[in-house]
Amino acid sequence: MRMQGRRAVTRHPGFQANIRRMQPFRPKHYAIVPAAGAGSRMRSERPKQYLSLLGRPLIHHALSVLCGLPEIDKVFVVLSVDDAEWRQHDWSGLGDKLVPLFCGGATRADSVLGGLRAISDRAEQSDWILVHDAARPCIAPWHVEKLIREVSHEEVGGLLAVPVADTLKQSDERDHVIRTVPRQSLWQAQTPQMFRYVMLRRALEQAREVTDEASAIEAAGLHPKLVQSDATNLKVTYPLDLHLAEWILRNREA
Ligand code: C5P
């Protein structure tokens, strides 16, 4: 019966036109890179996104990967309102996907939310937003491609993460062990973190005291997908991390 029905439909003259109209809507993928932090743990005068890494500002490396991916439609960098350094560098090599937004906030979550609000005219509710820390310069194209591949069919969204390898200890205020935390099922969250525009915006408007986007989504009672990444996608937080990042990028190029 169903076959008959389908044949009857395919013979209908308007069928091809209907199918064209019914082509699945492809959501866009927008990257948001919060880069409005001071990076005080680096013990440097300069915000860490501008520290030199292989002769370029640290943030340039991640932006170059994101702008180079055909899957990503635009890359929005959220900078502090009084950022004095962005304009001192030449970003023209990254093409016209790159858009700076001078709307950073007091916390990372505020900066991401500021970016989401700033692109509200452009982004559709169901477009995907990939939030990536400016401080993760060693992101590789395959990290982002894997995330998009594995999360595109998820209802909630997801994030790159690495299963915890070390045994974890919880301490008291004088650094003595209170207990060992079983590491089974524990992951270290990384970025990019990928969520639908409307879901992420609503979640961040509700939960401002979070250190990543997934936490805001979890606070709304939802369960993001963990996509396995690796340790090379490290976050530059302390001075030693800059040397590690340099080593990773050099060896990858080789
Ligand atoms: O300080 P932390 O390493 O956790 O920052 C993660 C990312 O969030 C960095 O890229 C930093 O520039 C950004 N950030 C921000 N606005 C803030 C604080 C941090 O965009 N107020």
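Each chain has its residues counted from 1, running along the sequence as written. Side-chain atom pairs in this predicted model are given and counted only at pLDDT of 80 or more, local residue features only at pLDDT of at least 70, and totals for whole chains, interfaces and linings cover all residues.

Caption draft 1: Quick look at the site of the ligand. Neighbouring the ligand are 17 residues; P34, A36, G37, S111 and A134 lie closest to it. For the shell around the ligand, the secondary-structure elements that each account for two or more residues are β1 (29-35) and α4 (108-118). Under the scheme applied here, ten amino acids are nonpolar (Ala, Val, Leu, Ile, Met, Phe, Trp, Tyr, Cys and Pro), four are charged (Asp, Glu, Lys and Arg), and all others, including Gly, are polar. When the residues that make up the shell around the ligand are grouped by side-chain class, the tally is seven nonpolar, seven polar and three charged. Note on definitions: a residue is near a molecule or strand provided its C-beta atom, placed from the backbone, lies within 6 Å of it. Helix and strand assignments follow DSSP, with helices taken as H or I runs no shorter than four residues and strands as E runs no shorter than two, numbered in order from the N terminus.

Caption draft 2: The arrangement of helix α5 (residues 141-151) in detail. For α5, the complete set of buried residues consists of H143, V144, L147 and V151. What you see down the axis of α5 is that its buried residues fit within an arc of 95°, all on one side. Away from its buried face, by an angle of more than 90 degrees, α5 presents the exposed residues W142 and R149. As for α5, its buried residues are in contact with α3 (58-68), β7 (158-163), β10 (187-196) and β11 (225-228). Counting other C-beta atoms within 10 Å of each residue's C-beta, where C-beta atoms are placed from the backbone, gives the exposure class: buried for 20 or more, exposed for 12 or fewer, partly exposed between. What the arc describes is the spread of directions from the helix axis to the C-beta atoms. Once C-beta atoms have been placed from the backbone, residue pairs whose C-beta atoms lie within 7 Å are recorded as contacts.

Caption draft 3: Region of the structure containing the pairing of β10. Of all 10 residues that make up β10, seven are buried, and the element is covered over most of its length. Sheet topology note: the strand β6 (residues 128-131)/β10 ladder contains four bridges and is antiparallel. Counterpart to W128 in the pairing with β10 is R196. We treat two strands as partners when DSSP finds at least two bridges between them. Two elements, β7 and β10, share five bridges in a ladder whose sense is antiparallel. Across the sheet, residue P163 finds its bridge partner in β10, namely W187.

Caption draft 4: Main features of the environment of L79. Relative to the helices and strands, L79 resides in strand β4 (residues 74-79). Spatially, the C-alpha atom of L79 lies 8.3 Å from that of G37, the residues being 42 residues apart in sequence. When near neighbours in sequence (up to four residues on either side) are disregarded, L79 contacts A35, A36, W86, P100, L101, F102 and G104.

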